[in-house]
Each structure stands twice: as structure tokens, then as C-alpha cells.
Amino acid sequence: MLNQSFELDLMFQALADPARRSMVDRLCKGPASVSELAEPLAMSLPSVMQHLRVLETSGLVRSEKTGRVRTCRIEPAALTVAERWISERCTHWERSLDRLAEYLKANPGEPDAPTQLTEEDHD
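Residues numbered from 1 in each chain as written. Predicted model: local features only at pLDDT ≥ 70, side-chain atom pairs only at ≥ 80, totals over all residues. Heavy atoms only, no water.

Visitor: Any details on the packing of helix 2 (residues 18-27) against helix 4 (residues 45-58)? Residues and values, ideally.
Guide: Two measures define how a pair of helices packs: the angle their axes make with one another and the distance between the axes. In the contact formed by helix 2 and helix 4, the axes pass within 10 Å of each other and the chain directions differ by 70 degrees. Classified by the angle between their axes, helix 2 and helix 4 sit roughly perpendicular to one another. For the pair helix 2 and helix 4, contact is made by Ala19, Arg20, Met23 and Val24 and by Val48, His51, Leu52, Val54 and Leu55, respectively. Its residues assigned to classes, the contact of helix 2 with helix 4 comprises seven nonpolar, one polar and one charged. (Axes fitted to C-alpha atoms, helices over the stretch in contact; angles between N-to-C directions. Helix = DSSP H or I, 4+ residues; strand = E, 2+ residues; numbered from the N terminus. Parallel < 35°, antiparallel > 145°, perpendicular 65-115°, else oblique. Contact = heavy atoms within 4.5 Å. Nonpolar A, V, L, I, M, F, W, Y, C, P; charged D, E, K, R; others polar.)

Right, here's the structure in full:
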């Protein structure tokens, strides 16, 4: 679990930057060279390479060099891990909001009363 948490931290840190999100968006359409990824960005090629290293370290992107061209690809498995984590959070909050709706429906007009939180509510 700790390893997955570390991987998610790296992934979300990598996606926190708009330039890296732009690169990921582009790579979701298919492989691209570093120069193709750099083209729409207002930054130097060394800066683009630094951003790509962050994406590779996070596991979101992999690259390979053939001759003088470095081609980057999205790593779908990494996105699946993030999608699963987000889905689990959504399920948790949907259940919590459903319980709240049931309570409000069963107790119309009652003032808010303190409730006992379960261990599940703390996740």
C-alpha cells in the first residue's frame, strides 16, 4: 500500500504542472518526439526535457531513443492506477452523501445534531 501511495504522490505531483499535463494530453493521442512535445510550449528544450524526466519518474511516460530522436509514449498502466484511486474516493463520497440524504429524508426539519463518525468516514 505504501508503494502505491508513493506512486500516486509522484503521479499527482507530475500532473500538477500545466506544461506536463499538456504533454500527457498530447501523448494520449499517440507517441511524439521531444521536439513535437516542445513545439506548443513557451520554454527551452532543456526545460522540456526536465519536465519529461518528471513524467518518466512518475511512471506516466516512457521514452526511447532511436538515433537522434527521442520518442515518448504514455504509459496506460500508470493512468489506470490513478483512475482506480479516484474511483475509490468517488465511491466513498457517494456512499457518504447517500447516507446523508437518507438521514435528511428521515428527519426533515430537525436541527443538525452531532453524529458519531465511523472509521470508514475518516478515509
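Back to the write-up after that little detour.
Visitor: Hey, could you go over the pattern of salt bridges for me, with residue numbers and the actual values?
Guide: A side chain with one charge may pair with a side chain of the opposite charge, provided their charged atoms come close. Taken as a whole, this structure holds two salt bridges when the rule is applied. Put simply, glutamate 75 and arginine 62 hold a salt bridge, and the shortest N to O gap is 2.8 Å. Separated by 13 residues along the polypeptide, glutamate 75 in the loop between strand 3 (69-74) and helix 5 (76-106) and arginine 62 in strand 2 (residues 61-66) bring together distant segments of the chain. Glutamate 75 sits in the partly exposed class, given a relative accessible area of 24%. Look at arginine 62 and you get partly exposed, because its relative accessible area is 42%. Between arginine 89 and glutamate 88 there is a salt bridge, with its nearest N and O atoms 3.8 Å apart. Arginine 89 gets classed as partly exposed once you look at its relative accessible area, which sits at 30%. (Salt bridge = Lys/Arg side-chain N within 4 Å of Asp/Glu carboxyl O. Buried < 20%, exposed > 50% of the residue type's maximum accessible area, 1.4 Å probe, protein only.)

Visitor: Give a description of helix 2 that names residues and reports values.
Guide: Residues of helix 2 that are buried: Ala19, Arg20, Met23, Val24 and Leu27. The arc that holds the buried residues of helix 2, viewed along the axis, is 140 degrees, so those residues lie on one side. Projecting away from the buried face of helix 2 at angles above 90 degrees are the exposed residues Pro18 and Asp25. (Arc of directions from axis to C-beta.)

Visitor: Please set out the nonpolar core residue by residue, giving values where relevant.
Guide: When a protein is soluble and globular, its nonpolar side chains tend to lie buried together. Leu52 and Leu55 are the most contacted members of the largest nonpolar core, which totals 22 residues. At the level of secondary structure, the elements contributing two or more residues to this core comprise helix 1 (2-15), helix 2, helix 3 (34-38), helix 4, strand 3 and helix 5. The leading source of residues in this core is helix 2, at four residues. Not counting the four nearest positions on each side in its chain, leucine 52 is found in contact with Met23, Val34, Leu37 and Cys72. (Core = buried A, V, L, I, M, F, W, Y, C linked by side-chain atoms within 4.5 Å.)

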